[in-house]
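Structure at a glance
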Amino acid sequence: MASANNISSYDDSITLDGKELRIALVVAEWNQAITDKLYQGARETLLKHNVMAENIVKFNVPGSFELIYGASQAQAQKFDVVIAIGCIIQGETRHFEFISNAVAHGIKDLNLNGKSPVIFCVL
């Protein structure tokens, strides 16, 4: 359970062995300063858990809305796991709500109907 001091129960000392996994990282280019850092963190964590560098494949998409398409294409290529990385910044219009809802529902649908899990990594 999360607390004010520790918002995650993740323990990186537990070694998960990912040496047999192929993982797709689908990364939105919009808000690239943020998504590049999220990508780097995900990649470093995967490498730390023995996922081979050649089994980590990055797919760029223009924005968070396109994460759905990119993730579906990665699922079609039979990756074991797909990680969808994006960042949606709230402005003064309802655009934020439309995009956030569409991406969340699209990723949910891929998890229900796809052959590999899609991890939602959208800020």
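Just so it is clear, the model here is predicted, and its values are computed rather than measured.

1. Brief notes about the overall build of the chain
Of the regular secondary structure elements, the chain holds three helices and four strands. Its helices and strands taken in sequence order, the chain reads β-α-β-α-β-α-β from the N to the C terminus. Relative to the 2.2 N^0.38 estimate, which gives 14 Å for 123 residues, the radius of gyration of the chain is 15 Å and therefore close to what a compact globule would have. Projected onto its principal axes, the C-alpha positions of the chain cover 45 × 40 × 30 Å. Looking at the chain as a whole, 33% of its 123 residues are labelled buried. Considering only intrachain contacts with a sequence separation of at least 6, the fraction spanning at least 24 residues in the chain is 76%. Entry remark: accessible area of the chain is about 7900 Å², with carbon and sulfur atoms responsible for 57%. In the chain, which carries 10 positive and 13 negative side-chain charges, the distance between the mean positions of the two groups comes to 5 Å.

2. Looking at the side chain of Ser116
Its place among the elements puts Ser116 in the loop between helix H3 (95–113) and strand S4 (118–122). Within the structure, Ser116 has its side chain in polar contact with the backbone oxygen of Phe79 (distance 3.2 Å). Ser116 has contacts with Gln75, Phe79, Asp80, Val81, Val82 and Asn111, leaving out every residue within four places of it along the chain.

3. A word on a nonpolar patch on the surface
Together, Ile34, Ile89 and Leu123 line one region of the surface with nonpolar side chains, adding up to about 290 Å² of accessible area. One can find Ile34 in helix H1 (residues 32–48).

4. Quick notes on the sheet that holds strand S2 (residues 56–61)
The four strands are arranged S2-S1-S3-S4 in an open sheet whose pairing can be described as parallel. Every interior strand has two partners, whereas the edge strands, S2 and S4, have only one. Ignoring strand direction, the axes of neighbouring strands in this sheet form an average angle of 20 degrees. The pairing of strand S1 (residues 23–28) with strand S3 (residues 81–86) spans five bridges and is classified as parallel. Paired with Ile23 across the bridge in S3 is Val81. Packing of helix H2 (residues 67–76) onto the sheet brings it into contact with S1, S2, S3 and S4, and relative to S1 it is tilted by some 165 degrees. The sheet strands contacting H3 are S3 and S4, and the helix crosses S4 at an angle near 165 degrees.

Rules behind the numbers
Residue positions are counted from 1 within each chain, in the order its sequence is given. Per-residue local features are limited, in this predicted model, to residues with pLDDT of at least 70; the limit for side-chain atom pairs, both in listing and counting, is 80 or more; totals at the level of whole chains, interfaces and linings are taken over all residues. Heavy atoms from the whole structure form the basis of all side-chain values; hydrogens and water molecules are not counted. To qualify as a helix, a DSSP run of H or I must reach at least 4 residues; to qualify as a strand, a run of E must reach at least 2; elements of each kind are numbered from the N terminus. For this measure, only C-alpha atoms enter the radius of gyration; the expected value for a globule follows 2.2 Å times N^0.38, where N is the number of residues. Each residue is placed in one exposure class: buried if its accessible area under a 1.4 Å probe, protein chains only, is under 20% of its type's maximum, exposed if it is over 50%, and partly exposed if it falls in between. Residues count as neighbours in contact if any of their non-hydrogen atoms are within 4.5 Å of one another. Where accessible areas are quoted, they stem from the Shrake-Rupley method and a 1.4 Å probe; at the residue level, only the protein chains shown are allowed to cover. His is not counted, nor are the chain ends; Lys and Arg add positive charge and Asp and Glu add negative charge. Positions of charges follow a simple convention, taking NZ of Lys, CZ of Arg, CG of Asp or CD of Glu. Each polar contact in these results corresponds to two N or O atoms within 3.5 Å; when the atoms are within protein, one needs to be able to donate a hydrogen and the other to accept it, and residues that are neighboring in sequence are counted only if both atoms are side-chain atoms. Patches in this entry comprise residues that are over 30% relatively accessible and not in a salt bridge; like charges within 9 Å are linked, as are nonpolar side chains (Val, Leu, Ile, Met, Phe, Trp, Tyr) within 5 Å. The term salt bridge refers to a side-chain nitrogen of Lys or Arg lying within 4 Å of a carboxyl oxygen of Asp or Glu. Only strands joined by at least two bridges in the DSSP assignment are considered to pair. Fitted lines through C-alpha atoms serve as axes, helices being fitted only where they are in contact, and the angles separating the N-to-C directions of these axes extend from 0 to 180 degrees.

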